Amino acid sequence: MYYLLGVVVILVLIALSCRWNWWRKSEQGIAILMYHKIGFAPRGVSLKKLWVEPKKFDKQMAYLTQHKYNVITLKELFDNLLDKKRLPSKTVVITFDDGYKNNYTEALPIFKKYNLKATIFLNVAYIGGKSEWEDSSVESSQPMLNWNEILEMLEYGIDFGSHTLTHANLEYCKDQPKRLNHEINQSKKILEDKLHWPVVSFAYPYGAGTNDKKIKGVLKEAGYRIACGIKQGKVSIPVKDMFNLNRLLIRGDENIVDFAFNIKKGRTRL
Ligand SMILES: [Zn+2]
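Keep in mind that what you see is a predicted model, and the values were worked out from it rather than measured.

The rules behind each value
Residues numbered from 1 in each chain as written. Predicted model: local features only at pLDDT ≥ 70, side-chain atom pairs only at ≥ 80, totals over all residues. Heavy atoms only, no water. Buried < 20%, exposed > 50% of the residue type's maximum accessible area, 1.4 Å probe, protein only. Helix = DSSP H or I, 4+ residues; strand = E, 2+ residues; numbered from the N terminus. Pairing = 2+ DSSP bridges. Right-handed = clockwise from strand over helix to strand, strands pointing away. Core = buried A, V, L, I, M, F, W, Y, C linked by side-chain atoms within 4.5 Å. Contact = heavy atoms within 4.5 Å. Phe/Tyr/Trp six-rings, centres within 6.5 Å; stacked < 30°, edge-to-face > 60°. Salt bridge = Lys/Arg side-chain N within 4 Å of Asp/Glu carboxyl O.

**Q** Would you mind showing me how to read the pairing of strand β7 (residues 159-162) here?
**A** Burial along β7 is two-sided: Asp 159 and Gly 161 and Phe 160 and Ser 162, pointing in opposite directions, are all buried. The pairing of strand β6 (residues 119-122) with β7 spans four bridges and is classified as parallel. Bridging from a neighbouring strand, Ile 120 pairs with Phe 160 of β7. For the crossover from β6 across helix α5 (residues 147-156) to β7, the handedness is right-handed.

Below you can see the structure in the form of structure tokens.
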């Protein structure tokens, strides 16, 4: 009987170890969280993990506040690094890719509730439209932020970066210099003209191009100063590559324990 109980306890412990790496040392560095959509995933969506329910998001923001995390925007991170300011060890940057309307309708009220800020990477050609770059067999196209919403968010303190014009896979346009330049330069120019705000940050659609010297060269030439990839992990200080910052994907199917482990350890599971 006791033997059986012992086996069950060991099995449970193994299962918990696999789910949460509680035994793993905390990873030092800045945690840049990566979100996409706040809301309820439509039925039949295959990339459901990119939808975080509003209640869950609220809980995550409450966690950051209660545990006294220093939440800054990517621009503030860049400014701090430039001034060689020592950042508190519990520094977090919240980022959103693509610029969905639900960032305004669902996330902004929660940011206001906890007095938090974030950085949103916009697909500039789709502002005020729908996410037409998305494969319709994966998900029906979603409404995107419009300029009025973006300006209101900017006024509140949300920072904006570029995610190209058309959510382009930069690896595919690397041999088309005109297109590459257009996606990178034009998106920055349109944003700066409309927002009167310096756009220093960039996020690579699909994480494509993060290791490509040519693509990074075009980004630097265009005046970007900091860029995010999609590799899972925290950003160690001093930063090795300002144009390929790791991020932590916050999945919709994870709970608050996952969230806490993710921020502390740079991962939630094996
Ligand atoms: Zn994207």
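**Q** Quick question: what am I supposed to make of the nonpolar core here?
**A** Grouped burial of nonpolar side chains is what soluble globular proteins tend to show. Counting 56 residues, the largest nonpolar core has Leu 33, Tyr 35 and Ile 94 as its most contacted members. The contacts of Leu 33, once residues within four sequence positions are left out, are Leu 64, Val 92, Val 93, Ile 94, Thr 95, Leu 248, Ile 250, Phe 259 and Ile 263. Membership of the second largest hydrophobic core comes to 15 residues, among which are Ile 32, Phe 78, Val 93 and Ile 226.

**Q** What's the story with the pairing of strand β5 (residues 91-98) in this structure? I'm lost.
**A** In the case of a regular strand, side chains alternate between the two sheet surfaces. Along β5, eight of the eight residues are buried, which leaves the element largely enclosed by surrounding structure. Note: strand β4 (residues 70-72) against β5, three bridges, orientation parallel. Its bridge partner being in β5, Val 71 is matched across the sheet by Val 92. The parallel pair β4 and β5, bridged by helix α3 (residues 74-82), forms a crossover whose chirality is right-handed. Where β5 meets β6, four bridges bridge the pair, whose relative direction is parallel. Pairing of Phe 96 across the sheet is with Ile 120, part of β6. Handedness of the crossover joining β5 and β6 through helix α4 (residues 102-114): right-handed.

**Q** Just checking my understanding: could you explain the packing of aromatic side chains for this structure?
**A** Aromatic ring pairs are defined here through the distance separating the ring centres and the angle between the ring planes. Tallied over the entire structure, the rule returns eleven aromatic pairs. Note on Phe 57 and Phe 111: the rings are 5.6 Å apart at their centroids and 80 degrees apart in plane angle, and the pair reads as edge-to-face. Of the two residues, Phe 57 is situated in helix α2 (residues 54-66) and Phe 111 in helix α4; the sequence distance between them amounts to 54 residues. A relative accessible area of 1% places Phe 111 in the buried class. Between Tyr 126 and Trp 133, the aromatic rings sit 5.2 Å apart at their centres with planes inclined by 50 degrees, giving tilted as the arrangement. This pair shows no difference in class: Tyr 126 is buried, exactly as Trp 133 is.

**Q** Got a minute to help me understand the pattern of salt bridges in this structure?
**A** Once their charged atoms are close, side chains differing in charge can pair, the charge on each being opposite to the other. This model, assessed by the stated rule, comprises 16 salt bridges. A salt bridge links Lys 75 to Asp 79; the shortest N-O distance between them is 3.1 Å. Pair noted here: Lys 75 and Asp 79 are both in helix α3, with a separation of four residues, about one helical turn. Classification of Asp 79 as partly exposed rests on a relative accessible area of 28%. Here Arg 251 and Asp 253 are joined by a salt bridge, their closest N and O atoms 2.7 Å apart.

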